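# Examining the three-dimensional arrangement
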Amino acid sequence: MANLTLLFLTLTLCVASTVQRQLAVEDINGKQNLEEDLSIVHYQPEQVHLAFGERTASEIVVTWSTRELPPSAESIVEYGLTDLTQRAYGKAIRFVDGGTKQMSQYIHRVTLSQLKPNSSYVYHCGSEYGWSAKYQFRTIPSADSNWSPSLAIYGDMGNENAQSLARLQRETQLGMYDAIIHVGDFAYDMNTKDARVGDEFMRQIETVAAYLPYMVVPGNHEEKFNFSHYVNRFSMPGGTDNLFYSFNLGPVHFIGFSTEVYYFTQYGIKPIVMQYDWLERDLIEATKPENRAQRPWIITYGHRPMYCSNDNGDDCANHETVVRKGLPVLNFFGLEPLFYKYGVDVELWAHEHCYERMWPLYNYTVYNGSLAEPYVNPGAPVHIISGAAGNHEGREPFFKQMPPWSAFHSQDFGYLRLKAHNASHLYFEQVSDDKGGVVIDSFWVIKDRHGPYTP
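The text that follows walks through the structure, step by step, so that each part is easy to find. These figures come from a predicted structure and were not determined experimentally.

Regarding its fold elements, the chain presents eight helices and 24 strands. The C-alpha extent of the chain, read off along each of the three principal axes, is 110 × 55 × 45 Å. When each of the 455 residues of the chain is scored for burial, the buried share is 54%. Nonlocal contacts in the chain, meaning residues at least 24 apart in sequence, comprise 70% of its contacts between residues at least 6 apart. With the model as given, the accessible surface of the chain reaches about 19,800 Å², and the carbon-plus-sulfur share is 53%. Once the 36 positive and 52 negative side-chain charges of the chain are each reduced to a mean point, those two points are 2 Å apart.

Bringing unusual backbone geometry into the picture now. With an omega of -10°, the peptide bond between Tyr188 and Asp189 qualifies as cis. For Asp189, the location among the structural elements is in the loop between strand 11 (179-183) and helix 3 (196-209). With a phi close to 60°, Gln47 is a non-glycine residue in the positive phi region. A positive phi angle, close to 75°, is found at Val329, a residue other than glycine. According to the relative accessible area criterion, Val329 is exposed, its value standing at 78%.

It is at 8 Å that the axes of helix 2 (residues 165-173) and helix 3 come closest, and there the two elements cross at 30°. Compared by their axis directions, helix 2 and helix 3 come out roughly parallel. Side by side, helix 2 and helix 3 meet where Leu165, Leu168, Gln169 and Thr172 of the first sit next to Gln204, Thr207 and Val208 of the second.

As a further point, take the nonpolar core. Among soluble globular proteins, nonpolar side chains are generally buried collectively. Of all hydrophobic cores here, the largest spans 109 residues; its most connected members are Val62, Tyr123, Phe254, Tyr301, Leu335, Leu426 and Phe428. In this structure, Leu426 is in contact with Val252, Trp297, Ile299, Val346, Leu418, Lys419, Ala420, Phe443, Trp444 and Val445, ignoring residues within four places of it in sequence.

Moving on to the sheet that holds strand 5 (residues 91-96). Here we have four strands laid out as an open sheet, ordered 1-2-6-5, and antiparallel in their pairing. The sheet is open, and its two borders are formed by strand 1 (46-52) and strand 5, each paired with just one other strand. This sheet shows a mean twist of 25° between the axes of neighbouring strands, independent of strand direction. In the sheet, strand 2 (residues 60-66) pairs with strand 6 (residues 104-112) via seven bridges, with the strands oriented antiparallel. Across the sheet, residue Thr63 finds its bridge partner in strand 6, namely Arg109. Lying on the sheet, helix 3 is in contact with strand 1 and strand 6; it crosses strand 1 at an angle near 55°. Along the sheet, helix 4 (residues 224-233) makes contact with strand 1, strand 2, strand 5 and strand 6, crossing strand 6 at roughly 40°.

Within the span of helix 4, buried status applies to Phe227, Ser228, His229, Tyr230, Asn232 and Arg233. Tucked into the core, helix 4 has its buried residues touching strand 1, strand 2, strand 5, strand 6, helix 3 and strand 12 (214-217).

Turning to the pairing of strand 24 (residues 438-446), a few remarks are in order. Taken together, the eight bridges between strand 23 (residues 425-432) and strand 24 define a ladder with antiparallel strand orientation. By the bridge assignment, Val431 is partnered in strand 24 with Val439. Between strand 23 and the antiparallel strand that follows it, strand 24, lie five residues; Gly436 among them carries a positive phi value of about 75°.

Taken as a whole and assessed by the stated rule, the structure comprises 31 aromatic pairs. Measuring from ring centre to ring centre gives 6.1 Å for Phe186 and Tyr230, while their planes differ by 15°; the resulting arrangement is stacked. Here Phe186, found in the loop between strand 11 and helix 3, pairs with Tyr230, found in helix 4; they are 44 residues apart in sequence, far enough to count as distant. Looking at Tyr230, the relative accessible area reads 0%, which means it is buried. Here the aromatic rings of Phe257 and Trp349 are separated by 6.0 Å at their centres, their planes lie at 85°, and the arrangement is edge-to-face. Linking Phe257 in the loop between strand 14 (252-256) and helix 5 (270-286) with Trp349 in strand 16 (residues 346-349), this pair joins segments that are 92 residues apart in sequence. Overall, Phe257 belongs to the buried group, its relative accessible area being 0%. Three or more aromatic residues link up through ring pairs in this structure, and these residues are Tyr79, Tyr121, Tyr123, Tyr135, Phe137 and Tyr211. One residue, Lys224, lies across the ring of Phe225, its end atom 5.6 Å from the ring centre. Over the ring of Trp359 we find Arg357, and its NZ or CZ is 5.9 Å from the ring centre.

Strand order in the open sheet made by the six strands is 12-11-10-22-23-24, with mixed pairing throughout. The open sheet has two edge strands with one neighbour each: strand 12 and strand 24. On average, each strand axis in the sheet is inclined to that of its neighbour by 20°, with strand direction left out of account.

A separate point is the pattern of salt bridges. One pass over the full model with this rule turns up 22 salt bridges. Salt-bridge contacts for Arg87 lead to Glu78; the nearest nitrogen and oxygen are separated by 2.8 Å. Residues participating in the shared-partner salt-bridge network are Glu46, Arg67, Asp199, Glu200, Arg203 and Arg233.

Time to look at the layout of surface pockets. Quantified by volume, the largest pocket comes out at close to 370 Å³. If you trace the largest pocket, you find 22 residues lining it, with Val61, Arg109, Phe234, Ser235 and Met236 closest to the centre. Mapped onto the lining of the largest pocket, the elements with two or more residues apiece are strand 5, strand 6 and helix 4. Of the residues forming the lining of the largest pocket, the biggest block, four residues, is contributed by strand 6. Residue composition of the lining of the largest pocket, grouped by class: 10 nonpolar, eight polar and four charged. One number sums up the size of the second largest pocket: a volume of about 310 Å³. Considering the residues around the second largest pocket, the lining is formed by 17 residues, among which Arg138, Gly175, Tyr177, Tyr211 and Leu212 are closest to the centre. Breaking the lining of the second largest pocket down by element, the ones donating at least two residues are strand 9 (135-138) and helix 2. For the lining of the second largest pocket, the leading source of residues is strand 9, giving three residues. Residue classes in the lining of the second largest pocket are distributed as eight nonpolar, seven polar and two charged.

About the criteria used
- Residues numbered from 1 in each chain as written.
- Predicted model: local features only at pLDDT ≥ 70, side-chain atom pairs only at ≥ 80, totals over all residues.
- Heavy atoms only, no water.
- Helix = DSSP H or I, 4+ residues; strand = E, 2+ residues; numbered from the N terminus.
- Buried < 20%, exposed > 50% of the residue type's maximum accessible area, 1.4 Å probe, protein only.
- Contact = heavy atoms within 4.5 Å.
- Areas by Shrake-Rupley, 256 points an atom, 1.4 Å probe, with all protein chains shown as cover.
- Lys, Arg positive; Asp, Glu negative; His and termini not counted.
- Charge placed at Lys NZ, Arg CZ, Asp CG, Glu CD.
- Axes fitted to C-alpha atoms, helices over the stretch in contact; angles between N-to-C directions.
- Parallel < 35°, antiparallel > 145°, perpendicular 65-115°, else oblique.
- Core = buried A, V, L, I, M, F, W, Y, C linked by side-chain atoms within 4.5 Å.
- Pairing = 2+ DSSP bridges.
- Phe/Tyr/Trp six-rings, centres within 6.5 Å; stacked < 30°, edge-to-face > 60°.
- Lys NZ or Arg CZ within 6 Å of the ring centre and 35° of its normal.
- Salt bridge = Lys/Arg side-chain N within 4 Å of Asp/Glu carboxyl O.
- 1 Å grid on protein atoms, 1.4 Å probe; cavity = no way out; pocket = protein on both sides within 12 Å on 5 of 7 lines; lining within 4 Å.
- Points joined across faces, edges and corners; volume = space filled by probe spheres on them.
- Nonpolar A, V, L, I, M, F, W, Y, C, P; charged D, E, K, R; others polar.

So, in structure tokens, the structure goes:
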């Protein structure tokens, strides 16, 4: 009996061993087959987003990512007014995250040129090895200034608590905006978890950015690896690593720039000098009489504000803000005198997780147009902070005693809307997502003359 039991156990072990070997082989083969079956996923476009090209009225740049470069090495956008009958080709670059795993992806860029104004286009992007979903966008009505653009503007969103995103998605689908401006601080942070957080954020905003030009500037949360995620993932006009650029929309000349060059000087002083020189050249061009007559409004946007009323120790709560005054001691390259000199009308900021509207302000002095109508022909730029689109870091506290130059403030999460009605009227309103989309602040900036301010 004992011998029979031993024989049975031996046979059982042999069978089990054989089965295990077969399963192991099948498992290896299965993994290999699975990898082969899923290889096309490596070429599947994701993180699709748009930006204005060098010619705002007739060019759109489509940007997307793939895990691997398709064997054909092609970057294609198929598009058309009603169907996908036209093709445009671009190129891809390999972007490697600076983290320990050195995660890589290929970022593709294709410029669509000679687009018809005031027209709806459908498109998809990719290659013969994988295509995106089909999206659509609408070109701006005209290269001229006689139309009224509408924009959503905000900063500091994050992907962990992107509270305003659902409302922005809906309003994008309703056709409420011609473009979006994201004033820095995107994903908190794009390099986190070996760039997976950045990838996820870009997938999240695809529901907005694949349908509208999504214009951006860097914030402090983009600094890692010398802003490499910001520089590589976006495609702003101008060929300046996306750090500073301008574009025209209706009666407005928009200027985006980096405040971060003043704070991360470990990367050198050269970016400060280059940006300052570029800003002055751009402002000189924009304020030529013939150009200002066509586009009288000049609006700038950068991440860290010159002024704020937040009780958190940030730079803007100090009197001598480095963006405003320039590098310490010598006060070189300060932007407030530059913007004042060339008559910038409105300066948009983020960084503080709040909304704050200032009275017309220069060097801590209020220059209202009049007591009754402060924003009618004001004597200084109007500063607005809208840095509360979401984020997981929380809301910013305010000083218990607010300064006299602060006109309105709120801790609500939300975003700013701008409607540039014409050469003399701008309309702003701040939307509270906390309050279900209620407009908590609105005002007009009205000017019948534009140009340098008179001290």
